[in-house]
Amino acid sequence: MIDKSSLSLKEALSQIKDGSTIMIGGFGTAGQPAELIDGLIELGIKDLVIVNNNAGNGDYGLAKLLKAGAVRKIICSFPRQSDSWVFDELYRAGKIELELVPQGNLACRIQAAGMGLGPIYTPTGFGTLLAEGKPTMNYEGKDYVLENPIKADFALIKASKGDRWGNLVYRKSARNFGPIMAMAADVTIAQVSEVVELGALDPEHIITPGIFVQHVVQVKPAQ
């Protein structure tokens, strides 16, 4: 019997080791798996490479992980905003490495890894500092720069509901990067608000099929 449910956050996260590359879903705080991130902090895992849309908000979730000194490098498209003080302080002190990636390129590079593709050519970033040292080409009169796929050891994502096979549905914009990150990681760990019985999810509403998910852990919403 296939059962991907984990009894606790610690059980789901136990295989993550120092130095892992981890994709973390979320657009700001929307869809961010905050409880999984808290679990990482409790385990004391260090030297991580994190792939996310931004670099944390306030002292919550991803920002808390940065503040704990667990992250060596972050790959993101939007590292600075009014409440990104944790990242700012670390970056100015030379305590964290940044790979800045335009948001569309970030999504496409993750998708390329999930689809088993090699490097992709994109016009975004051509002729800028982001393209320095990278191969370029001209195709049908337009210039492109070569970008490598982004693959991860683990993806931590948040969904609304899941079943024991790992099928997932999302709530509105909380869906964001979760589906493509699940495809681009060796191991996907999904926190859900509710684990439902097989057959309870409308097949037409399943966004991430269970083949891309290895662990599902239920996290009850805060009251």
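Residues numbered from 1 in each chain as written. Predicted model: local features only at pLDDT ≥ 70, side-chain atom pairs only at ≥ 80, totals over all residues. Heavy atoms only, no water.

Per an unreviewed UniProt entry, the protein chain goes by the name 3-oxoadipate CoA-transferase subunit A and belongs to Acinetobacter schindleri NIPH 900. Quoted verbatim from the Sequence similarities (unreviewed entry) field of the UniProt record, the comment on the protein chain reads "Belongs to the 3-oxoacid CoA-transferase subunit A family." (UniProt positions renumbered as here; feature names shortened; annotations may be inferred.)

Caption draft 1: Up close: the overall build of the protein chain. A count of helices and strands for the protein chain gives six helices and twelve strands. Taken against the 2.2 N^0.38 rule, which gives 17 Å for 223 residues, the C-alpha radius of gyration of the protein chain at 18 Å falls within 12% of a compact globule. If you line up the protein chain on its principal axes, its C-alpha atoms span 55 × 40 × 30 Å. In the protein chain, buried positions account for 46% of the 223 residues. (Helix = DSSP H or I, 4+ residues; strand = E, 2+ residues; numbered from the N terminus. Rg over C-alpha atoms; globule rule 2.2 N^0.38 Å. Buried < 20%, exposed > 50% of the residue type's maximum accessible area, 1.4 Å probe, protein only.)

Caption draft 2: Summary view of the environment of E132. Its place among the elements puts E132 in the loop between β6 (120-122) and β7 (136-139). In sequence terms E132 and V145 are 13 residues apart; their C-alpha atoms lie 9.4 Å from each other.

Caption draft 3: Region of the structure containing the side chain of H215. Within the secondary structure layout, H215 lies in strand β12 (residues 215-218). Setting aside residues no more than four positions away along its own chain, H215 makes contact with K4, S6, A12, Q15, V187, T188, I189 and A190. (Contact = heavy atoms within 4.5 Å.)

Caption draft 4: Region of interest: a nonpolar patch on the surface. Judged by side-chain polarity, I2, W165 and L198 come together as a nonpolar surface patch covering roughly 280 Å² of accessible area. Of the residues examined, L198 reaches a relative accessible area of 33% and is grouped as partly exposed. (Patch = residues over 30% accessible without salt bridge, like charges linked within 9 Å, V, L, I, M, F, W, Y side chains within 5 Å. Areas by Shrake-Rupley, 256 points an atom, 1.4 Å probe, with all protein chains shown as cover. Salt bridge = Lys/Arg side-chain N within 4 Å of Asp/Glu carboxyl O.)

Caption draft 5: View of helix α2 (residues 34-43). Every buried residue belonging to α2 is among A34, L36, I37, G39 and L40, and all of these are buried. G44, located one to two residues past α2, shows a positive phi value of around 75°.

Caption draft 6: Representation of the environment of I110 within the structure. Note on placement: I110 falls in helix α5 (residues 103-114). What makes I110 buried here is its relative accessible area of 0%. Between the C-alpha atom of I110 and that of P149, which follows or precedes it by 39 residues, the distance is 6.0 Å.

Caption draft 7: Representation of the side chain of D163. Note that D163 resides in strand β9 (residues 152-163). R164 provides the closest opposite charge to the buried, salt-bridge-free D163, at an N-O distance of 7.5 Å. Polar side-chain contacts of D163 include one of 3.0 Å to the backbone nitrogen of W165. Beyond its immediate sequence surroundings of up to four residues, D163 is in contact with V195, V196, E197, L198, L201 and V216. (Lys, Arg positive; Asp, Glu negative; His and termini not counted. Polar contact = N/O pair within 3.5 Å; in protein donor to acceptor, adjacent residues only side chain to side chain.)

Caption draft 8: Molecular detail of the pairing of β7. In this structure, β7 lies alongside strand β8 (residues 142-147), joined through four bridges in antiparallel fashion. Within the sheet, the bridge partner assigned to T136 lies in β8 and is V145. Here β7 folds back onto β8, and the loop between the two strands holds two residues, one of which, E140, carries a positive phi near 50°. (Pairing = 2+ DSSP bridges.)

Caption draft 9: Representation of the pairing of β8 in the model. For β6 and β8, the ladder comprises three bridges, and the chain directions are antiparallel. Within the sheet, the bridge partner assigned to I120 lies in β8 and is E147.

Caption draft 10: Examining the nonpolar core more closely. Counting residues in each nonpolar core, the largest one holds 29 residues, and the members touching the most others are I16, I22, L40, I50, L65 and I189. Counting residues per element, this core draws most heavily on helix α3 (residues 62-67), at four residues. Dropping the residues within four chain positions of it, L40 is found in contact with L13, I16, I22, I45, L48, L65 and L156. V49, A113, Y170 and F177 belong to the second largest nonpolar core, which has 25 residues in total. (Core = buried A, V, L, I, M, F, W, Y, C linked by side-chain atoms within 4.5 Å.)

Caption draft 11: The arrangement of the sheet that holds β6 in detail. Taken together, the three strands give an open sheet; going across it, the order is β6-β8-β7, and neighbouring strands pair in antiparallel fashion. The two strands at the open ends of the sheet, each matched to only one other strand, are β6 and β7. For this sheet, the mean inter-axis angle between neighbouring strands, taken without regard to orientation, is 40°. Together, β6 and β8 form the strand contacts of α5, whose direction differs from that of β6 by roughly 165°. (Axes fitted to C-alpha atoms, helices over the stretch in contact; angles between N-to-C directions.)

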